[in-house]
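Chain by chain, the residues run as shown.
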Amino acid sequence: CAKENGKNDFQIFMPYMLMKNLKKIEIEKNLKKAIEEDQFQLYYQPVISLSDMEIHSVEALLRWVLPEKGIISPLEFIPVAEESGFIVKIGEMVIEKAFLDMKEWEKKGIDYLHLAINLSARQFKTKFFENMVQKLIERYSIDPTKISFEITETGAVENFDVSLRILSFLCQMGIKFLIDDFGTGYSSLIYLKRLPIGGVKIDRSFITELENSKENRAIVEGIILMAHKLDLKVVAEGVETKKELEILKEVGCDFAQGYLFSKPLPKTEIEKLLIARKIIV
Ligand code: C2E
Ligand code: MG
Ligand code: MG
Ligand code: MG
């Protein structure tokens, strides 16, 4: 970093840090307003079951829609929301919006659909998180067995006892937990043994170039073998080509998600896909 490389780099380093900080402060300032004015919208991306090529579920992906400025990616504002604590309010709002959409789809006859929601570590370890979820499940009469929460390896392992308590509680209600971005976190595999996990989502970085990379192929095959022996389901993230899909079927992956099937879409646009259910690529 800057110190090791001598003082010349310092001049390059400083403005970057400053810019990053200014951006962070700017986002933080606007998040409060965004919550009050409900500038958030959920997009949905289908998850395809590889045994029959039908849609099994959708993953809710949050978008911050700024009037006249466009869409801000969750990669930019989720970390700031976590640091500032806004994630608690935003996270609750995501769950409520997703449940409402699910109910609406159910009324339109889409009754098979499972729903995956991303949780940040800071969010699911706050006090009363599990009570909040239970209340929303009851309020909207949601079938808990149709809900999955996605958490990262790091999020699962930090404050392990708290994780264990919250996951166990929600698991007993019928909710499933998936490990998101599997293979990219700094953690041991012990949590797979000790936490009630339902499946893993193989990170996109292992799916890309699956046909050309021996390493990726070995990692993906290995993960699937291990996961199945542990009775876990496997989702492949970021599937973009037919070749990748073919290999994933060959090695027995259960589900896949990615631009090959569909980008994340706003509620009204995903509906057409959900009604058709069968995905043809
Ligand atoms: P994630 O949960 O791993 O979601 C997958 C990301 O990969 C999404 O980015 C999705 O749009 C993108 N993606 C899907 N298929 C493809 C593909 O074929 N190619 C490529 N290049 N990308 C693909 P997105 O929507 O920008 O979300 C980024 C991250 O932000 C998510 O990663 C998740 O960690 C976080 N996030 C999104 N919504 C929420 C939320 O409601 N709460 C929390 N706590 N985090 C969220
Ligand atoms: Mg996810
Ligand atoms: Mg992921
Ligand atoms: Mg990811």
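Residues numbered from 1 in each chain as written. Chains lettered and ligands numbered in written order. Predicted model: local features only at pLDDT ≥ 70, side-chain atom pairs only at ≥ 80, totals over all residues. Heavy atoms only, no water.

1. Some thoughts on the coordination of the magnesium ion (ligand 2)
On the protein side, the magnesium ion (ligand 2) has Glu59 (OE), Asn118 (OD1), Glu150 (OE) and Asp180 (OD) as donor atoms, found 1.9 to 2.2 Å from it. As a motif over one chain, the donors of the magnesium ion (ligand 2) read E-x58-N-x31-E-x29-D. The metal-metal distance between the magnesium ion (ligand 2) and the magnesium ion (ligand 3) is 4.0 Å, with Asp180 serving as a donor to both. With Glu150 in strand β5 (residues 147–152) and Asp180 in strand β6 (residues 176–182), the pair connects residues that are 30 residues apart, well separated along the chain. (Donors = N, O, S within 2.8 Å, 3.2 Å for Na, K, Ca; no water. Helix = DSSP H or I, 4+ residues; strand = E, 2+ residues; numbered from the N terminus.)

2. Examining the site of ligand 1
Around ligand 1, the structure places 23 residues, and the nearest of them are Arg63, Asn118, Asp180, Glu240 and Tyr259. At 3.1 Å from an oxygen atom of ligand 1 is found a side-chain nitrogen or oxygen belonging to Glu237. Across the complex, the protein chains shield 84% of the 810 Å² of accessible surface that ligand 1 would expose by itself. A molecule is said to occupy a pocket when more than half its atoms come within 2 Å of that pocket's grid points, and by this definition ligand 1 occupies the largest pocket. Elements represented by at least two residues in the shell around ligand 1 include exactly β2 (54–66), α2 (74–84) and β6. Among the residues making up the shell around ligand 1, the classes are represented as 10 nonpolar, 5 polar and 8 charged. (Near = heavy atom within 4 Å. Polar contact = N/O pair within 3.5 Å; in protein donor to acceptor, adjacent residues only side chain to side chain. Areas by Shrake-Rupley, 256 points an atom, 1.4 Å probe, with all protein chains shown as cover. 1 Å grid on protein atoms, 1.4 Å probe; cavity = no way out; pocket = protein on both sides within 12 Å on 5 of 7 lines; lining within 4 Å. Sits in = over half its atoms within 2 Å of the grid points. Nonpolar A, V, L, I, M, F, W, Y, C, P; charged D, E, K, R; others polar.)

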